[in-house]
Amino acid sequence: MTTNRPLRIERVISNNVLMVLEPQSGKEYVLMGKGLGFASKGNGTIDSGDPRIEKRFRLDDRDQLSEYQKLLEGIDPEVIEISETIIESVKKQFEQPVNNKIYFALPSHIQFAVYRLRGGMDIVNPFLQETQMCFPKEYEIARSAAEAISSRFGITVPEDEIGFLAFHVHSAVSDVSVGHLVKMSSLVGELVERVEERLGSRLPRDSMDYIRLVTHLRSAVDRISGRKAVPNPFMRDFEQAYRREYLLASELGEMIQEGLGEEVPEDEIGYMVMHLYRLFLTYAPPQHES
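Here's what I pulled together on the structure shown here. All values derive from a computational prediction rather than experimental measurement.

What follows concerns the packing of helix H2 (residues 77–94) against helix H5 (residues 136–153). Geometry of a packed helix pair, given as the angle between the helix axes and the separation of the axes. Taken N-terminus to C-terminus, the directions of H2 and H5 make an angle of 155°; their axes are 11 Å apart at the nearest point. In terms of their interaxial angle, H2 and H5 are classed as roughly antiparallel. Relative to H5, H2 is oriented so that their crossing is right-handed. Residue-level contacts link Glu78, Val79, Glu81, Ile82, Ile86, Ser89, Val90, Gln93 and Phe94 of H2 to Lys137, Glu138, Ile141, Ala145, Ala148, Ile149, Arg152 and Phe153 of H5. Per-class residue counts for the contact of H2 with H5 are ten nonpolar, two polar and five charged.

This part takes up the nonpolar core. If you look at the biggest cluster of nonpolar residues, it comprises 75 residues, and the most contacted ones within it are Ile110, Ile149, Leu252 and Ile256. With sequence-adjacent residues up to four places away left out, Ile256 is seen in contact with Leu187, Leu191, Val221, Ile224, Gly261, Val264 and Met272. In terms of nonpolar packing, the next biggest core, distinct from the first, is built from nine residues, Leu7, Leu31, Leu36 and Ile46 among them.

We now examine a nonpolar patch on the surface. Judged by side-chain polarity, Phe112, Tyr115 and Met121 come together as a nonpolar surface patch covering roughly 340 Å² of accessible area. Its location among the elements puts Tyr115 in helix H3 (residues 102–118).

To continue, consider a negative patch on the surface. Together, Glu190, Glu193, Glu254 and Glu258 make up a negatively charged patch on the protein surface. Mapped onto the negative patch, the elements with two or more residues apiece are helix H7 (178–199) and helix H10 (243–260). One can find Glu190 in helix H7.

Before going further, it helps to spend a moment on the packing of H10 against helix H11 (residues 266–283). Packing of H10 against H11 leaves a shortest axis separation of 8 Å and a crossing angle of 130°. Here H11 runs oblique to H10, going by the angle between their axes. Both H10 and H11 take part in a crossing whose hand is right-handed. Here Arg244, Glu245, Tyr246, Leu248, Ala249, Ser250, Leu252, Gly253 and Ile256 of H10 lie close against H11, whose contacting residues are Glu266, Ile269, Met272, Val273, Leu276, Tyr277 and Phe280. Here the residues of the contact of H10 with H11 are counted per class, giving eleven nonpolar, two polar and three charged.

In spatial order, the strands read E4-E1-E2-E3-E5; together these five strands make up an open sheet with antiparallel pairing. Lying at the two open borders of the sheet, with one neighbouring strand each, are strand E4 (45–47) and strand E5 (55–57). Averaged over all pairs of adjacent strands, the angle between their axes in this sheet comes to 35°, without regard to strand direction. Bridging between strand E1 (residues 6–14) and strand E2 (residues 17–22) involves five bridges; their strand directions are antiparallel. Each residue of the ladder has a partner; that of Arg11, found in E2, is Met19.

Our focus in this paragraph is the packing of aromatic side chains. All told, the structure shown has three aromatic pairs when counted by the stated rule. With centroids separated by 6.3 Å and ring planes inclined at 20°, the aromatic side chains of Phe112 and Tyr115 adopt a geometry described as stacked. A residue pair is termed a helical-turn pair when its members lie 3 or 4 positions apart in one helix, as Phe112 and Tyr115 do in helix H3 at three residues. By relative accessible area, Phe112 is classed as partly exposed at 47%. Both rings, one in Tyr242 and one in Tyr277, keep their centres 5.0 Å apart while their planes meet at 65°; by these two values the pair is edge-to-face. Residue Tyr242 is located in the loop between helix H9 (238–241) and H10, and its partner Tyr277 is located in helix H11; the two are separated by 35 residues in the primary sequence. Residue classification places Tyr242 among the partly exposed residues on the basis of a relative accessible area of 28%. Above the plane of the ring of Phe94 lies Lys137, whose end atom (NZ or CZ) is 4.4 Å from the centre.

Criteria and cut-off values
The residue numbering used here restarts from 1 in each chain and proceeds along that chain's sequence as written. Restriction of local features to residues with pLDDT of at least 70 applies here, the model being predicted, together with a cutoff of 80 or more for giving and counting side-chain atom pairs; totals for whole chains, interfaces and linings are based on all residues. Excluded from the side-chain calculation are hydrogens and water; included are all heavy atoms of the structure. Angular values range over 0 to 180 degrees, each being the angle between N-to-C directions of two axes fitted as lines to C-alpha atoms, with helices fitted over their stretch in contact. Secondary structure counts use DSSP, requiring at least four H or I residues in a row for a helix and at least two E residues in a row for a strand, with both numbered from the N terminus. Working definition: roughly parallel below 35 degrees, roughly antiparallel above 145 degrees, roughly perpendicular at 65 to 115 degrees, and oblique for all remaining angles. Crossing handedness follows the turn of the near helix against the far one: under a right angle anticlockwise gives a left-handed crossing, and clockwise gives a right-handed one. By definition in these notes, contact holds between two residues if any of their heavy atoms fall within 4.5 Å. Under the convention adopted here, Pro, Cys and the residues Ala, Val, Leu, Ile, Met, Phe, Trp and Tyr are nonpolar, Asp, Glu, Lys and Arg are charged, and Gly plus all remaining residues are polar. Definition used in this section: a nonpolar core is a set of buried Ala, Val, Leu, Ile, Met, Phe, Trp, Tyr and Cys residues joined via side-chain atoms within 4.5 Å. Working definition: with a 1.4 Å probe on protein chains only, accessible area under 20% of the residue-type maximum means buried, over 50% means exposed, and in between means partly exposed. Two joining distances apply to patches: 9 Å for like charges and 5 Å for nonpolar side chains (Val, Leu, Ile, Met, Phe, Trp, Tyr), and every residue must have over 30% relative accessible area and no salt bridge. Values of accessible area rely on a 1.4 Å probe in the Shrake-Rupley scheme; residue burial ignores everything except the protein chains shown. Definition used for salt bridges: Asp or Glu carboxyl oxygen within 4 Å of a side-chain nitrogen of Lys or Arg. Positive residues here are Lys and Arg, negative ones are Asp and Glu, while His and the chain termini are left out of the count. Charge coordinates come from a single atom per side chain, which is NZ of Lys, CZ of Arg, CG of Asp or CD of Glu. Pairs of strands are assigned from DSSP output, requiring at least two bridges between the strands. For Phe, Tyr and Trp, where Trp contributes only its six-membered ring, two rings pair if their centres lie within 6.5 Å, and the inter-plane angle classes them as stacked under 30 degrees, edge-to-face over 60, or tilted in between. Ring-over charges, as used throughout, are those where CZ of Arg or NZ of Lys falls within 6 Å of the ring centre and within 35 degrees of the ring normal.

Structure representation (structure tokens):
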């Protein structure tokens, strides 16, 4: 965008968001900044160098921009405002830029959540406990957001919905889509079920054993998804020395590879063996022959 040129205001989306057109290029932009739209009017102009502008971006193509406009047309202005407040809180607490997609994804999510809660529909989150463990900072931000939403719309936001809000917070600061987060959380849940199946025992959800297992599996899935290899100096002889743990770790590796479409390094198998050894020792000690 050329600086210090007048931009034509196409639409005042909220007190903090404008949609504008650059007449010279014909490109449309979304401008964001505190109070930016407060005194603006449609068909007016704003200087492209206005110091109040904090963010400016153009979507990749006109189809996407059109979809964004349609999305905003169906969203309660109060939802947009509270979404902006939440996003500002995320930026302050993480002290880093956020992914611009949060400006679209979060209002849409909150609008639908408010609709469901007002209609008395249940919100069930199978990933709640894992989310609390793996994203504690995001979860606390989401809890505060839920309180603001409850107060603004006169509803009670349940704990399960806080977990979904935490996904959006994490997505905003990690550039990982909410859909991918759900996919990885679902995979971790399947891995835990397989481990419990082989142990013949359900791990207490408030135990350190469960917390360590979930935390390790989540970290492993994240590393494998991001192709970040971590060498394991203890890998040698694991296959023979810890046979049952190695076989289960290999099974988990196959599940991860199938779920993510990424090859699982042998070093990651080794780290899983180390965690599984502790679990087997506690929950399924070896049977000694008499």
